[in-house]
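Residue-level listing of the chains:
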Amino acid sequence: ESGITKPKGYNVSFHCNPEMEKHHFGMTHPMKPWRLTLSKSLIYSYGMSFAMDNYISRAATYEELATFHSTDYLDFLGTVLPEPVPRDLENQNPDLKFNLGGSDCPLFDGLYDYCSMSAGGALDAARKLVSHQSDIAIAWGGGLHHAHKAEASGFCYINDIVVAILELLRYHPRVLYIDIDVHHGDGVEEAFFSTDRVMTVSFHKYDPNNFFPGTGALDDNGPKSEQNPGSHHALNVPLNDGITDEQYAMLFDTIIGQIVEKFRPTAIALQCGADSLAGDRLGRFNLQVQGHGACVAFCKRMNLPLLLFGGGGYTPRNVARAWAYETALAVGVDDKINDYIPSHTPWRDQFRHDTLFPTLEQILGEPRVNRNTQKRLQEMIQHVTEQLRFVQA
Ligand code: ZLM
Ligand code: CA
Ligand code: ZN
């Protein structure tokens, strides 16, 4: 077949685990692991697997998870059995240990396997980067940024991002963590609060009283104490409903550009939560697949080892479109996609680039009123610039 070759010059690896995708959080729970299967079938239908190194990831070991999580928590996670929680008690059950078993973080069959497989994919991806076998490593099954050392939170039980960044830190002096999920990346921020070797930046909807998790204000920049090396190494970009592609790209390129210049990371970890897309069941923004993908394209242009994580994303067809497009950007076939569609693909014409783009634009859902003023966006850039005056690579 003509055209289906690996682009020369750099390597992309793709890490997934079909077993992970079979788990269920419960009938109407917004988190649907099968969105990963949907994303993968779109990616494979476009023939992109021919342009990447594809790996079935393994489950992370207990010891690997314990590089971040407490053994008390891991032991409990490994032994709890799913017990139906009475509906009227689900949010005020005083017996919830480690915040497990409520409606956000339910106990379900195979929970420990699901968690260790998510972290295994992220760790495999990190190892491909540190061994220089990949320039970009993709783990769409990871990105569970709310999990704490000894507590589940917001659909996240194990913080695969923290575990993967700890692996990067064994070889990399400085790692930049960027989070474009619509929620604040609180678990990752907290884990690296007291080190100057990781800078965390989260873009998110911020409304302390009405939007989860309520943290991530503009002036939340790490420990205030002078002695702590982590001060000024947590950056937050709190946004309002309805932000557009143009505004988001302006903020992202300006802020990340400045950070790369000042902090000089030697690797980038990007959480690509797709709940920041327009039409997301839990989201509030107006981002299109192109605007979301522009963040991936910008990071790729920094020419640093790049780890791409998934994360949130609650309208599965849009999640699949975004992560398929971002896989194409990573591989560098986004503009040559016609050449990559295997000739035996049914409905091949419908998969062509010129049909993909109109499809990408058909993000469903009512556009939201944009409540982000240019003035406020400029203030945020100003604040970040001021924080970066304290940062020396
Ligand atoms: N109630 N079912 C993002 C994590 C967001 C906390 C308010 C639960 C939901 C949500 C669960 C089926 C990431 C909160 C919400 C209702 C306390 C959140 C189960 C619907 C359902 O229908 C639902 C019975 C459930 C949960 C909505 N939860 C929406 N938003 C947030 C957590 C995770 O995308 O950032 C990364 C993967 N939780 O707002 C409540 C305060 C629980
Ligand atoms: Ca975020
Ligand atoms: Zn989210």
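Just above sits the structure.
Nothing here was measured: the structure is a model prediction, and the numbers come from that model.

K.L.:
Can you walk me through the coordination of the calcium ion (ligand 2) in this structure?
P.N.:
For a metal bound by four donors in a tetrahedral arrangement, the ideal donor-metal-donor angle is 109.5 degrees, while six donors in an octahedral arrangement ideally sit at 90 or 180 degrees. At this site the calcium ion (ligand 2) is bound by Asp179 (O), Asp179 (OD), Asp181 (O), His183 (O), Ser202 (OG) and Phe203 (O), with donor distances of 2.5 to 3.0 Å. In this structure, the calcium ion (ligand 2) is surrounded by 6 donor atoms whose angles at the metal cover 70 to 167°, and the resulting shape is irregular. Mapped onto the polypeptide sequence, the residues donating to the calcium ion (ligand 2) form the spacing pattern D-x1-D-x1-H-x18-S-F. Of the two residues, His183 sits in the loop between β4 (175–179) and α6 (186–191) while Phe203 sits in strand β5 (residues 198–205), which places them 20 residues apart along the sequence. Side by side, His183 and Phe203 carry an identical accessibility label, which is buried.

K.L.:
What is the right way to look at the pattern of salt bridges in this model?
P.N.:
Between side chains of opposite charge, pairing is possible as soon as their charged atoms come close. With the rule as written, the count across this model stands at 11 salt bridges. Across the pair Lys22 and Glu19 runs a salt bridge, and its minimum N-O distance is 2.8 Å. Glu19 gets classed as partly exposed once you look at its relative accessible area, which sits at 42%. Taking the shortest distance from any N to any O, the salt bridge between Glu64 and Arg127 comes out at 3.1 Å. Residue Glu64 is located in helix α2 (residues 62–65), and its partner Arg127 is located in helix α4 (residues 111–130); the two are separated by 63 residues in the primary sequence. Several salt bridges share partner residues, and in doing so they unite Arg58, Glu64, Asp124, Arg127, Glu167 and Arg170 into one network.

K.L.:
When you look at the packing of aromatic side chains in this model, what are you seeing that I'm missing?
P.N.:
How two aromatic rings sit relative to each other is set out by the distance from centre to centre and by the angle between their planes. Counted by the stated rule, this structure contains 14 aromatic pairs. Ring centres of Phe155 and Tyr314 lie 5.7 Å apart, and the angle between their planes is 80°; on these two criteria the pair is classed as edge-to-face. Here Tyr314 lies in the loop between β8 (306–309) and α9 (316–331) and Phe155 lies in the loop between β3 (136–139) and α5 (160–169), a separation of 159 residues in the sequence. Residue classification places Phe155 among the buried residues on the basis of a relative accessible area of 8%. The exposure class assigned to Tyr314 is buried, which follows from its relative accessible area of 8%.

Each value, and the rule that gives it
Throughout this description, residue numbers start from 1 for each chain and increase along the sequence as written. Lettering of chains starts at A and numbering of ligands starts at 1, both following the order in which they are written. Confidence filtering applies because this is a predicted model: local features only for residues at pLDDT of at least 70, side-chain atom pairs given and counted only at 80 or more, and all residues used for totals across whole chains, interfaces and linings. Here the side-chain values reflect all heavy atoms present in the structure, with hydrogen atoms and water set aside. A donor here means an N, O or S atom no more than 2.8 Å from the metal, or no more than 3.2 Å when the metal is Na, K or Ca. Since water is not included, a site may seem to lack partners. Every geometry call rests on angle ranges, with four donors termed tetrahedral when all angles are between 85 and 135 degrees, four termed square planar and six termed octahedral when opposite donors are over 155 degrees apart and all others are between 65 and 115, and everything else termed irregular. Secondary structure counts use DSSP, requiring at least four H or I residues in a row for a helix and at least two E residues in a row for a strand, with both numbered from the N terminus. The rule is simple: take the accessible area with a 1.4 Å probe, protein chains only, and divide by the maximum for that residue type; under 20% is buried, over 50% is exposed, in between is partly exposed. Any Lys or Arg side-chain nitrogen located within 4 Å of an Asp or Glu carboxyl oxygen qualifies as a salt bridge. Under the pairing criterion, centres of Phe, Tyr and Trp rings, with the six-membered ring standing for Trp, must be within 6.5 Å; the plane angle then separates stacked pairs below 30 degrees from edge-to-face pairs above 60, leaving the rest tilted.

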